Number of protein chains: 2
Amino acid sequence: MARKPAAHLERGYIGVGVLGMGVVGSAVVQALGERAGLLAERVGYPLRLTWVLVQDLQKRRRVEVPPSLLTNDFGSVVGREDTDIVVEVMGGEEPAHAYILQALESGLHVVTANKEVMAKHGPELLRLARERGTNVLYEASVGAGIPLVSAFTRDLAGNRIDSIRAIINGTTNYLLTRMGQDGLDFSSALRLAQELGYAEADPTNDVEGIDAAYKLAILAALAFRTPVTFGDVYHEGISRLNANDFRYARELGYAIKLLAIGRQEDGEVQVRVHPAFVHQDLLLAKVEGVFNAVQVEGDLAGRLLFYGPGAGAFPTTSAVLGDVVDSARQILQGGESRVPVSARGERRTKPMADLQTRYYMRMTVADRAGVLAKIAQALGDNRISIASVIQKETDEVARTAEIVIMTHRAREAAFQAALRQLAKSDVVHEVGNFVRVED
Amino acid sequence: MARKPAAHLERGYIGVGVLGMGVVGSAVVQALGERAGLLAERVGYPLRLTWVLVQDLQKRRRVEVPPSLLTNDFGSVVGREDTDIVVEVMGGEEPAHAYILQALESGLHVVTANKEVMAKHGPELLRLARERGTNVLYEASVGAGIPLVSAFTRDLAGNRIDSIRAIINGTTNYLLTRMGQDGLDFSSALRLAQELGYAEADPTNDVEGIDAAYKLAILAALAFRTPVTFGDVYHEGISRLNANDFRYARELGYAIKLLAIGRQEDGEVQVRVHPAFVHQDLLLAKVEGVFNAVQVEGDLAGRLLFYGPGAGAFPTTSAVLGDVVDSARQILQGGESRVPVSARGERRTKPMADLQTRYYMRMTVADRAGVLAKIAQALGDNRISIASVIQKETDEVARTAEIVIMTHRAREAAFQAALRQLAKSDVVHEVGNFVRVED
């Protein structure tokens, strides 16, 4: 469907439709109303809310919207001539994805906060936007009000990005902070987080690293200028960590964080989410509670860190409004689509088996002579050398001890093989946990 | 002088001229050459270096430039039809300011790394750019490769910014880090920094807070959308601090940082640079060495922090290239000037006398009974109440003691009056120092 290029000039405003009026949608609708003056000043032209898609037209709402603006039928509004920008704040993959497609097909600009849609369908949506001369902006999909998407598309445009290391899930960072500072175990920390509203009733997406993997896919695609989608990202959760891991980490000079790591090496891209030992001297190790932080290494800019609240209705609204202002400026300027060109072809995603890093491992072993030799043997068989050993907590009744080993750099495949070998060994009662080390 | 709007389409490239080939200029020229492919991909169109203004045409240079591109006569290149963007990396107020004016008058886009020019003449240059349908981009003028200017103009556009608290001078942060961690006094730390190349032979601009004041003027104008220039910024240096101040600060739970503070309150803008006690729980307190960090409070985005190397040829080049890419995209898109509209009128700058904050003060006093009562009296006369007192380091020979006082919130004018009163008192031998507390 072709749209008149400058319909906004005839009607005297840029029209904004909003998909969804949950917690974020309500904050966006409220801000578009209350900040109309500020936004008009920023854009240089008035913005107007033209419709809001809701599920239930009758529901009582905290934020007032003239009933004439409410609709429950996307088909009836997507083609309307009074709207230039669609803000998608429904969340979830469908129908959000389908609606964004339709909006782009109709020549509308889209601003979305939807990490799942962008992580799974980003390349397709951006291609379509370019074809239609519009744009999809998605700053709000990662890190809420922390400027990340624009950092990669604009500010760091002249850099080769070598790595991203990010704490981009507030729920898990809250859990890890409580476990590390208060010695809580995982399930107690989770209960506390649920009571405080920092974790959902079903916390799977957060604690299993899925939410972080969505966001990493989005950031890595931007940073490394190659199509990275959710399916490419290795992810592991935090539920195996226990209080001892945090104690040992601290003794060794580390914090434990759920890191989303993207790296570009030898033409391959590495994307993984897992708990990691982060050296306590790094600012990243000091990011506590529900806050997010993204550390980026650019070959010119050096090591940057972007920090802030990574979730919440108001921070998300901040990012949405930034994108709405930018979209509106693009519409006023006219011209072609501003989707940044990303001509780089696909790059191979490095398999986890090929990862090289250092490892922390904690085992319950038989408390007798010769045990360490057997463990060192199993590691040595897989060409893994030991950097340091801590032996602690002898259980006199069970005649077991806890051994903690830090390895030198090793290949993930070799380390996993060693773990299997150790699990079968008669001296190792249990491999309690292992954590990769990032420093 | 009117320019053909789409000369770049006829010639097949966007032409970039560079003013200055010092350390930064050389890195920019080198990057424009080496990264031509990356930049063309980012812009969607080729960029080409068209000329470089240098002082000495014969000088041997580390970065090679075809001699035909070198010029020492700005007048002969500013009007040339092959150039769309001028990158100003000369530094200093003049002739950089005059050259930027001429470039804008000629309809060129300008990218500058010049904090002094932007802090003193920013409003005038932006107005001229808007009139001429061009733009002045100046991300590189503050915090090198840390995205700050674009954060305010784009990402935080929907926010009311309440405050900025920034460590934006790497030299002083290095000095304060050494003084705090190694117990060095100011002059030893300065000598060390000079040996390492972190401080200049004449360090005045850095240690007196002038450099930070330039940068704060730029950030505050963006954040509060009002003309703020260097002359509006109160600034104080770090040379009064001694090792005891750092010891007491640590005991009280603070780090000492040279902070650039901007606040918006009751329609007034407050802009000041001075050493400050920063609570150790803030990430800002953990920013060490030559690094910079800018903490921004937006009413929607919440508390954000941007961290990275705030100086250096490569980080500065990162910001310059980001702006060059953005300028080139703007030129390709055509249309009007993209200088963000800042319709807000002038706002009153709050005088320092009206500041309300807490204070740390250190005094050498007579070591005898009744001294503290006299000090409390002097403070009480000025309606300042004491929050805590530390008395230390009695000098038995001189019969003096050192007293440290933390006050509750007080007005700066009252605090200064109290200081004058104490200086005249017979029990106070010397007011060693005072530092404002930010928390």
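Worth saying up front: this structure is predicted, and the values here are computed from it rather than measured. (Residues numbered from 1 in each chain as written. Chains lettered and ligands numbered in written order. Predicted model: local features only at pLDDT ≥ 70, side-chain atom pairs only at ≥ 80, totals over all residues. Heavy atoms only, no water.)

**So, the overall build of chain A**
Put simply, the rule reads: Numbered from the N terminus, helices here are DSSP runs of H or I no shorter than four residues, and strands are runs of E no shorter than two. Both definitions apply: the radius of gyration is a C-alpha atom measure, and the globule rule equals 2.2 Å times residues to the power 0.38. Each residue gets one of three labels from its accessible area relative to the maximum for its type: buried under 20%, exposed over 50%, partly exposed in between, using a 1.4 Å probe on protein chains only. Note on charges: Lys and Arg go in the positive column, Asp and Glu in the negative column, and His and the chain ends are not counted at all. The location of each charge is read from NZ of Lys, CZ of Arg, CG of Asp or CD of Glu.
Of the regular secondary structure elements, chain A holds 15 helices and 18 strands. Relative to the globule expectation of 22 Å for 439 residues, the C-alpha radius of gyration of chain A, 25 Å, shows essentially globular dimensions. Over its C-alpha atoms, taken along the principal directions, chain A stretches across nearly 85 × 45 × 35 Å. A total of 439 residues make up chain A; the buried ones form 60% of that total. Positive and negative charge centroids in chain A, built from 49 and 54 side chains respectively, lie 3 Å apart.

**What to know about the environment of Arg 303 of chain B**
With respect to the helices and strands, Arg 303 of chain B occurs in strand β12 (residues 302-309). Since its relative accessible area comes to 29%, Arg 303 of chain B is described here as partly exposed.

**Describing the interface of chain A and chain B**
Selection rule: Should any heavy atoms of two residues lie within 4.5 Å, those residues are considered in contact. The quantity reported as buried area is the accessible area (1.4 Å probe) lost by two parts once they are put together, taken as the sum for both. For salt bridges, the criterion is a side-chain nitrogen of Lys or Arg within 4 Å of an Asp or Glu carboxyl oxygen.
At the junction of the two partners, chain A supplies 59 residues and chain B supplies 59 residues. Taken together, the two surfaces of chain A and chain B that pack against each other cover about 4700 Å², and 51% of this comes from carbon and sulfur. Considering only the side of chain A, the residues that lose the most area to chain B are Arg 42, Arg 154 and Leu 300 of chain A, jointly responsible for 16% of the buried surface there. Between Arg 35 of chain B and Asp 299 of chain A there is a salt bridge, with its nearest N and O atoms 2.7 Å apart.

**Comments concerning the sheet that holds strand β1 (residues 14-19) of chain A**
Strand pairing in a sheet is mediated by backbone hydrogen bonds. Such pairs are either parallel or antiparallel. Residues and elements named next belong to chain A. The test is simple: At least two bridges found by DSSP between two strands are what make those strands a pair. What counts as an axis is a line fitted to C-alpha atoms, over the stretch in contact for a helix, and the angles between N-to-C directions run from 0 to 180 degrees.
The strand order β3-β2-β1-β4-β5-β6 describes an open sheet built from 6 strands, whose pairing is parallel. For this open sheet the edge positions go to β3 (70-71) and β6 (136-137), each flanked by a neighbour on one side alone. For strand β4 (residues 85-88) and strand β5 (residues 109-112), the ladder comprises 4 bridges, and the chain directions are parallel. Residue pairing for β5: Val 86 is matched across the bridge by Val 110. Where helix α2 (residues 23-34) meets the sheet, its contacts fall on β1, β2 (47-53) and β4, and the angle it forms with β1 comes to roughly 160°.

**Quick word on the domain arrangement of chain A**
Residue and element names in this part refer to chain A. To keep things clear, this is the line we draw: Each domain's extent was defined by an automatic or database domain assignment.
Taken domain by domain, chain A comprises domain 1 (7-144 + 314-333), domain 2 (158-309) and domain 3 (353-438). Taken together, the 12 residues of domain 1 in the interface contact 14 residues of domain 2. Surface buried jointly by domain 1 and domain 2 totals about 1000 Å² across both partners, of which 74% is contributed by carbon and sulfur atoms. When residues of domain 1 are sorted by the area they lose upon contact with domain 2, Lys 115, Ala 119 and Val 142 head the list and together hold 48% of the total. For the pair domain 1 and domain 2, the interface holds 1 salt bridge. The salt bridge partner of Lys 115 is Asp 211, with a shortest N-O separation of 2.7 Å.

**Here we look at the environment of Arg 127 of chain B**
All names here are of chain B. Within the fold, Arg 127 resides in helix α6 (residues 115-132). The partly exposed category is assigned to Arg 127, whose relative accessible area is 46%. The spatial distance from the C-alpha of Arg 127 to the C-alpha of Val 339 is 8.3 Å, given a sequence separation of 212 residues.

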